[in-house]
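# Survey of secondary and tertiary structure
The residues making up each chain are set out below.
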Amino acid sequence: MLVAAAVCPAPPLLVPEVASGAAAELGDARTACSDALAVLAASRPDLLVVVGAADEDHGGPYPQGARGTFRGFGVEAGVQLGEGEEGPRLLPPSLAVGAWLLRRARWGAAPVEGFAVVDALDSARCLRTGRELAARDARVALLVMGDGSACRTVKAPGYLDERAAAFDAAAARALGAADVAALAALDAALASELQAAGRAPWQVLAGAAEGAGLEGRLLYEDAPYGVGYFVATWS
């Protein structure tokens, strides 16, 4: 059963070594992520699952001990998902950022695993995946890594799309209110057009939280670099 969740953005720029001279620009987001992880620890889960988006070649479960790297972003920094033997596959970037946040928070409250959701997965299957994750143990917590639209400004990765602000506002309301139905109703096709990588992980969260009666709180909302970033807690 799901007892708590934290939603955090997944850009490698959260890692100061990757951001380099721009590291201070996401300082407030890092602080909010730390606060969200404290809520997860306080829930005393038996299992923590880090959920993030990935391409089709990197979807599926990742065991405790799986390693990731930020070498593709110009730095040698590496991370590990909890303690354990190194797995056969490298963590996709979204899970690697989650692992970095856990290491930064000195996570030790429960065993930790990863699950990468294929970013094109349809909403119904995302919800089903969430239900399956929530049934993994008596007390399950999720760290959900995902960004909003990447089309908020002309300098954004996806350029400016006038629909982006409304999409992000709806996502922020749903995340802040722990509104399972609103998250489940997010338009997957629109999310894809807006390059909103968080859509699939958020809908996994919606499936996991069905019937859990959790309350939400939005800790951070901004769009630096033209990308929607949110931090929220469900407990």
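The paragraphs below set out a description of the structure included in this document. (Residues numbered from 1 in each chain as written. Predicted model: local features only at pLDDT ≥ 70, side-chain atom pairs only at ≥ 80, totals over all residues. Heavy atoms only, no water.)

As a further point, take the packing of aromatic side chains. To describe a pair of aromatic rings, one takes the distance between the centres and the angle between the planes. Scanning the entire structure with this criterion turns up one aromatic pair. Positioned over the ring face of Y62 is R89, at 4.2 Å from the centre of the ring. (Phe/Tyr/Trp six-rings, centres within 6.5 Å; stacked < 30°, edge-to-face > 60°. Lys NZ or Arg CZ within 6 Å of the ring centre and 35° of its normal.)

This paragraph deals with the environment of R71. Topologically, R71 is positioned in the loop between β4 (67-69) and β5 (78-80). We classify R71 as exposed; its relative accessible area is 51%. Sequence-wise, R71 and V18 are 53 residues apart; in three dimensions their C-alpha atoms are separated by 9.2 Å. (Helix = DSSP H or I, 4+ residues; strand = E, 2+ residues; numbered from the N terminus. Buried < 20%, exposed > 50% of the residue type's maximum accessible area, 1.4 Å probe, protein only.)

Non-glycine residue R44 carries a positive phi angle of around 50°. Looking at the secondary structure, you find R44 in the loop between α2 (27-42) and β2 (47-54). Note on R44: relative accessible area 60%, which makes it exposed. Even without a glycine there, the phi angle at A178 is positive, about 50°.

Next up on the list: a nonpolar patch on the surface. A grouping of V154, Y159 and L160 is seen on the molecular surface, where their side chains present a nonpolar patch of about 290 Å² in accessible area. Structurally, the position occupied by V154 is in the loop between β7 (140-145) and α5 (164-177). In this structure V154 comes out as partly exposed when scored by relative accessible area, which is 47%. (Patch = residues over 30% accessible without salt bridge, like charges linked within 9 Å, V, L, I, M, F, W, Y side chains within 5 Å. Areas by Shrake-Rupley, 256 points an atom, 1.4 Å probe, with all protein chains shown as cover. Salt bridge = Lys/Arg side-chain N within 4 Å of Asp/Glu carboxyl O.)

A separate point is a negative patch on the surface. On the surface, D55, E56, D57 and D119 cluster together into a negatively charged patch. Tracing the sequence through the fold places D55 in the loop between β2 and β3 (60-62). (Lys, Arg positive; Asp, Glu negative; His and termini not counted. Charge placed at Lys NZ, Arg CZ, Asp CG, Glu CD.)

Among the nonpolar cores identified, the biggest contains 43 residues, and L40, F70, L102 and L143 are the most heavily contacted of them. Secondary-structure elements contributing two or more residues to this core are β1 (2-8), α2, β2, α3 (93-104), β6 (112-118), β7 and β9 (229-234). In terms of residue count, α3 provides more of this core than any other element does, seven residues in total. Ignoring anything within four residues of it in the chain, the contact list for L40 reads A4, A5, A6, P45, L48, W107, A141, L142 and L143. Residues L2, L175, A212 and L214 belong to the second largest nonpolar core, which totals 41 residues. (Core = buried A, V, L, I, M, F, W, Y, C linked by side-chain atoms within 4.5 Å. Contact = heavy atoms within 4.5 Å.)

In an α-helix, one full turn covers 3.6 residues, which means residues spaced three or four apart are oriented alike. The terminal C-alpha atoms of α3, which comprises 12 residues, lie 16 Å apart, in line with the 16 Å expected from a rise of 1.5 Å per residue. The element α3 is largely enclosed, with a buried count of nine among its 12 residues. Every buried residue of α3 is accounted for by S94, L95, A96, V97, G98, A99, W100, L101 and L102. Downstream of α3 by a residue or two, R106 has a phi angle that is positive, lying close to 55°. (Expected span 1.5 Å × (residues − 1).)

Turning next to the packing of α2 against α3. In the contact formed by α2 and α3, the axes pass within 10 Å of each other and the chain directions differ by 75°. In terms of axis orientation, α2 runs roughly perpendicular to α3. Between α2 and α3, the residues in contact are R30, C33, S34 and L37 and W100, L101, L102 and R104, respectively. When grouped by side-chain class, the residues that make up the contact of α2 with α3 number five nonpolar, one polar and two charged. (Axes fitted to C-alpha atoms, helices over the stretch in contact; angles between N-to-C directions. Parallel < 35°, antiparallel > 145°, perpendicular 65-115°, else oblique. Nonpolar A, V, L, I, M, F, W, Y, C, P; charged D, E, K, R; others polar.)

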